[in-house]
Amino acid sequence: MYRSHTCGEIRMSHVDQEVTLSGWVHKTRDKGFVVWVDLRDRYGITQLVFDEERTDKSLLEKAKSLGREFVVQVKGSVIERTSKNGNIPTGDIEVLVTQLTILNTSQTPPFTIEDNTDGGEDLRMKYRYIDIRRNPVKENLIFRSKVAIEVRKYLAEEGFIEVETPYLIKSTPEGARDFVVPSRMNEGQFYALPQSPQTFKQLLMVGGLDKYFQIVKCFRDEDLRADRQPEFTQIDCEMAFVEQEDILNAFEGLTRHLLKEIKGIDTGDFPRMTFDDAMKKYGNDKPDIRFGMEFGELNEVAQHKDFNVFNASELVVGIAVPGAASYTRKQIDALIDWVKRPQVGAKGMVYVKCNEDGTYKSSVDKFYDQDDLAKWAEKTGAKAGDLICVLSGKTNHTRAQLSALRMELAERLELRNPNEFAPLWVIDFPLLELDEETGHYHAMHHPFTSPKPGQLELLDTEPGAVKANAYDLVLNGNEIGGGSIRIHDKEIQSIMFKHLGFTPEEAKAQFGFLMDAFEYGAPPHGGIAFGLDRLVSILGGQETIRDFIAFPKNNSGRDVMIDAPATIDEEQLKELNLKLDL
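Bear in mind that the values here come from a model prediction, so they are computed numbers and not experimental data. (Residues numbered from 1 in each chain as written. Predicted model: local features only at pLDDT ≥ 70, side-chain atom pairs only at ≥ 80, totals over all residues. Heavy atoms only, no water.)

Describing the overall build of the protein
Stage number 1. Counting its regular elements, the protein contains 17 helices and 22 strands.
Stage number 2. Projected onto its principal axes, the C-alpha positions of the protein cover 90 × 75 × 55 Å.
Stage number 3. In the protein, which comprises 582 residues, the proportion classed as buried is 48%.
Stage number 4. Counting contacts in the protein only where the partners sit at least 6 residues apart, residues at least 24 apart contribute 65% of the total.
Stage number 5. Here the protein displays about 29000 Å² of accessible surface, and carbon together with sulfur accounts for 48% of that area.
Stage number 6. Computed over 71 positive and 94 negative side-chain charges, the inter-centroid distance for the protein is 4 Å. (Helix = DSSP H or I, 4+ residues; strand = E, 2+ residues; numbered from the N terminus. Buried < 20%, exposed > 50% of the residue type's maximum accessible area, 1.4 Å probe, protein only. Contact = heavy atoms within 4.5 Å. Areas by Shrake-Rupley, 256 points an atom, 1.4 Å probe, with all protein chains shown as cover. Lys, Arg positive; Asp, Glu negative; His and termini not counted. Charge placed at Lys NZ, Arg CZ, Asp CG, Glu CD.)

Quick word on the nonpolar core
Stage number 1. Core analysis: the largest hydrophobic core is formed by 38 residues, its most contacted members being Val-147, Leu-155, Phe-251, Trp-425 and Phe-530.
Stage number 2. Those residues within four positions of Val-147 in sequence are excluded, and the remaining contacts are Leu-258, Ile-262, Leu-532, Val-536 and Leu-539.
Stage number 3. Core analysis: the next-biggest nonpolar cluster, separate from the first, contains 26 residues, Met-293, Tyr-327, Ile-332 and Leu-402 among them. (Core = buried A, V, L, I, M, F, W, Y, C linked by side-chain atoms within 4.5 Å.)

Some words on the pairing of strand β10 (residues 231-240)
Stage number 1. Within β10, nine of the ten residues are buried, which leaves the element mostly enclosed by the surrounding structure.
Stage number 2. Of the pairings in the sheet, the one linking β10 to strand β22 (residues 525-531) comprises seven bridges and is antiparallel in character. Bridge pairing in β22 links Gln-234 to Gly-531. (Pairing = 2+ DSSP bridges.)

Section: the side chain of Lys-138
Stage number 1. As for its position among the elements, Lys-138 is in helix α4 (residues 135-157).
Stage number 2. Using a relative accessible area of 11% as the deciding quantity, one classes Lys-138 as buried.
Stage number 3. Contacts of Lys-138, omitting those with residues within four sequence positions, involve Asp-41, Arg-42 and Ile-132.

Quick notes on helix α15 (residues 504-517)
Stage number 1. If you check α15, its first and last C-alpha atoms are just 17 Å apart, much less than what 14 residues at 1.5 Å a residue would give, namely 20 Å.
Stage number 2. When we look at burial in α15, the residues that qualify are Ala-507, Phe-511, Gly-512, Leu-514, Met-515 and Ala-517.
Stage number 3. Buried positions along α15 lie against α5 (198-206) and α14 (490-499). (Expected span 1.5 Å × (residues − 1).)

A few points about the pairing of strand β9 (residues 211-219)
Stage number 1. Where burial is concerned, most of β9 is hidden: seven out of the nine residues are buried.
Stage number 2. Where β9 meets β10, nine bridges bridge the pair, whose relative direction is antiparallel. By the bridge assignment, Lys-217 is partnered in β10 with Thr-233.

Thoughts on unusual backbone geometry
Stage number 1. Between Ala-564 and Pro-565 the backbone carries a cis peptide bond, its omega angle lying at 5 degrees.
Stage number 2. Positioned with a positive phi, Asp-428 is a non-glycine residue whose angle comes to about 60 degrees.
Stage number 3. Its location among the elements puts Asp-428 in the loop between β17 (423-427) and β18 (432-434).
Stage number 4. In this model, Asn-476 sits at a positive phi of 55 degrees, which is unusual for a non-glycine residue.
Stage number 5. With respect to the helices and strands, Asn-476 occurs in the loop between β20 (470-475) and β21 (478-485).

Spelled out as structure tokens, the structure:
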């Protein structure tokens, strides 16, 4: 038996008991006549003691030879500590060791195994197996496990069946690039790794499994960000014989359950907002509603003077920044420089200070009087002491720029409290999205999303006006889930493919298996997929998903620990009928 107890469970109630512990040497303190060793495992730390009076001399010398991260087993009796440590649960006791076995030695780690380590991110990713020993990483992985278990419990109790779908599938156009896998047995042909199990879960609905879920790996060969990895995990779900309301109720219930069980937070009904309102009020389709700063459109109160910058703009829009009228000119100039960065792309910013005495001071006083500026304040909801920030230009670009500024100001003003959770449904998305470069429409979600009832006919006349029977679940400014009611009729699906630019032959080659299945009694169905990595990170009070993944990739998509991707030898290439011209 390697251990009778863990290093985190021994208390005063165990005094005088014989125990066996195993773990890693966290620290040693050698005073010559006495040696203390902090022994660590997943559960905590227990202090071991070896001294001249009570410990065999050879055992004491063996204790002095221990290095950091040696793996050891000890036996001994639990005693009360004379100098107690209130910072750890086991701080009232220590173990007087009578037997020490070194199970394995260790090189000196490249960084300290402490909460606040001296290791940089690249170094810790290279030695991720050591980094996992640190409490922050370990606790994040345990937290992720807890969330996944609660998801499974809730969905199982609601009658969902967990079904595994294939990883080696056919390449289909779903927006991002596929990772492809060459087939040795089928020369010149390739599998693709799934971007989602979309078509398979629809086929499961045809198969009569009316409530499906899967916690599943998905793959997209795309550029990375803090909240994106080439391989990611979805909570993938589908239901048959449902309308949109059924889906929203079911998965609002799941989210409410997670907030209650994981965070101890009770939430009421989730608010709902149309895509159009989200864009108009917040400039993006995943607004953070933990704070205000809603957009105020100013065209009618700002385009009547000789300020040509506004007069030539499609949209003039502003936000009221609470308490920021006290900003110095230097601080405001820094904001102007921030919005002019290439990542944001604004040409400049107009500002108005709402003074405590009810007057206004703006950067455009030459063109606008106090009555004009008072109307701006009314439109943006600005109060005395606030700062109004105004951008103008093309509608979509200006909204995106002001949205970025809103989020930046919220960070600076510490309005994004990670312990506050504000869920929101965004509904009524456009079915199609216009590619400004090509002039062609493509599916905003995927080709299987059904239009809202009664809007199918608009595809021929106003394709950009058609609304999708689709919905996103947003939490704290992050999309954590999205889905739709699917097309279940072959004829409607054919019409959709035509409007997406597929010829009948192309549609059959890509999705013939699904179209064939629709001829065998496909029920009305719909579903949703949650991004587990993102959901866990937000529930954990962070927005960087890498911290909640055991072995993540870096920003270049590399696993620096195992050095992947890597070349393969020529024999493997020959077997796969591949040739690399370097």
